[in-house]
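So the chains spell out like this:
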Amino acid sequence: MHSVELIEANDAELVVAALAGNTQAFDMLVNRYRRAMLTVAQQIVRNPTDAEDVVQDALLRAFEALPQLSDLNRFGAWLHSITRNRALRYYRNRDRYQPQEDMEPFLNRASDTSATDPAKVVEEESAQQSVRDAIKDLQPDYQVVIELYYWAEMPQKRMAEFLSLPLTTVKWRLRKAKEDLKTILERRGYGEDV
């Protein structure tokens, strides 16, 4: 497969190409799912650095176990399962748990602040923190879909595959999460801006 064909290939086609020795195909799969994997890992281990370690470990395990994947069309769900299991194992085996900011690696807006008004930067950071805090108040099922949709920028169909849920369930949870998030933010005085 050539680069253009890889970009347009579905997961099953990329898995077949990766099994045939095309490392670019596996790289494409990694690019599709890396942010989602970080979201899943970070919900469990909390620390962004630890979540990155979990994702690296999960990707290595997935690459090694790729020949054992029985349903090529379920690659995303399989990868989600590996990531979740590796994160749980990592969390259980840690000496101590240190909570960190949940969304820090995913919120990179306002990174170029050199030419920006400092008051505006403080206001944007405050708004971002308010959204992060509000997301923490959502039910875990809603947190996951919001984070995957907005921060991992995962399409709903791929999200459904990744979470092993029907597409209608993902759509419903996303709609409900948005409603609940809006309600939480309005209660906290952020109504019109969000």
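Structural notes, computed from the coordinates. Predicted model only: the values in this text are computed from it and were never measured.

Here we take up the packing of aromatic side chains. Within this structure, the stated rule accounts for six aromatic pairs. Ring centres of Tyr33 and Phe162 lie 5.8 Å apart, and the angle between their planes is 20 degrees; on these two criteria the pair is classed as stacked. Taken as a pair, Tyr33 in helix H3 (residues 23–45) and Phe162 in helix H8 (residues 156–163) lie far apart in primary sequence, 129 residues in all. Like Tyr33, the residue Phe162 is buried in the burial classification. Ring geometry for Tyr149 versus Tyr150: centroids 4.9 Å apart, planes at 85 degrees, classification edge-to-face. In this structure Tyr149 comes out as partly exposed when scored by relative accessible area, which is 28%. Looking at Tyr150, the relative accessible area reads 41%, which means it is partly exposed.

Position of Lys171 relative to the elements: it lies in helix H9 (residues 167–187). In sequence terms Lys171 and Ala160 are 11 residues apart; their C-alpha atoms lie 8.8 Å from each other.

For the rest of this paragraph, the subject is the pattern of salt bridges. Scanning all chains against the criterion turns up 10 salt bridges. Of the charged contacts, one joins Arg61 and Asp57 as a salt bridge, the two residues approaching to 3.5 Å between their closest N and O atoms. Here Arg61 and its partner Asp57 are both found in helix H4 (residues 48–65), four residues apart, which amounts to about one turn of the helix. Classification of Asp57 as partly exposed rests on a relative accessible area of 23%. Measuring nitrogen to oxygen at the nearest pair gives 2.5 Å for the salt bridge that ties Asp57 to Arg86. Of the two residues, Asp57 sits in helix H4 while Arg86 sits in helix H5 (residues 75–93), which places them 29 residues apart along the sequence. The network of salt bridges with common partners includes Asp57, Arg61 and Arg86.

Within H8, the full set of buried residues consists of Met159, Ala160, Phe162 and Leu163. Buried residues of H8, seen end-on, are gathered within an arc of 165 degrees and therefore sit on one face of the element. In the core, the buried residues of H8 are packed alongside H3, H5, helix H7 (140–151) and H9. Following H8 by one or two positions, Ser164 has its phi on the positive side, about 55 degrees.

Attention shifts here to H7. End to end, H7 covers 16 Å across 12 residues, agreeing with the expected 16 Å (1.5 Å per residue, within 8%). Glu153 sits one or two positions beyond H7 and adopts a positive phi of about 50 degrees.

On to the packing of H4 against H5, then. At a minimum axis distance of 9 Å, the contact between H4 and H5 shows a crossing angle of 130 degrees. The angle between the axes of H4 and H5 places the two elements in the oblique class. In this structure, H4 meets H5 at a crossing whose hand is right-handed. Taking contact as the criterion, the partners of Asp50, Asp53, Val54, Asp57, Ala58, Arg61, Ala62 and Ala65 in H4 are, on H5, Trp78, Leu79, Ile82, Thr83, Arg86, Ala87 and Tyr90. Looking at the contact of H4 with H5 residue by residue, the class counts come to nine nonpolar, one polar and five charged.

What counts and what doesn't
- Every chain's residues receive numbers from 1 upward, in the order its sequence appears when written.
- The model is predicted, so local features are restricted to residues of pLDDT at least 70 and side-chain atom pairs to those at 80 or more, both for listing and for counting; the totals for chains, interfaces and linings are taken over all residues.
- Note that the side-chain values use all heavy atoms of the structure and ignore hydrogens as well as water.
- Ring geometry is summarised as follows: Phe, Tyr and Trp rings, the Trp one being its six-membered ring, pair when their centres sit within 6.5 Å, and such pairs are stacked at plane angles under 30 degrees, edge-to-face over 60 and tilted between the two.
- Put simply, DSSP H or I for four residues or longer makes a helix, DSSP E for two residues or longer makes a strand, and each gets a number counted from the N terminus.
- Partly exposed residues are those whose accessible area sits between 20% and 50% of the maximum for their type, while under 20% is buried and over 50% is exposed, using a 1.4 Å probe and protein chains only.
- Within this document, salt bridges are pairs made up of a side-chain nitrogen of Lys or Arg and a carboxyl oxygen of Asp or Glu, the two lying within 4 Å of each other.
- This arc is taken over the directions from the axis of the helix to the C-beta atoms.
- In this analysis, two residues are considered to be in contact whenever any of their non-hydrogen atoms come within 4.5 Å of each other.
- Given the number of residues in a helix, its expected span is that number minus one, multiplied by 1.5 Å.
- Here an axis means a line fitted to C-alpha atoms, over the contact stretch when the element is a helix, while the angle between two N-to-C directions is reported on a 0 to 180 degree scale.
- In this scheme, roughly parallel covers angles under 35 degrees and roughly antiparallel covers those over 145, while 65 to 115 is roughly perpendicular and the rest are oblique.
- What makes a crossing left-handed is the near helix being turned counterclockwise from the far one by less than a right angle; a clockwise turn instead makes it right-handed.
- Polar here means any residue other than Ala, Val, Leu, Ile, Met, Phe, Trp, Tyr, Cys and Pro, which are nonpolar, and Asp, Glu, Lys and Arg, which are charged; Gly is therefore polar.

Any link to function would need more than the numbers given here.
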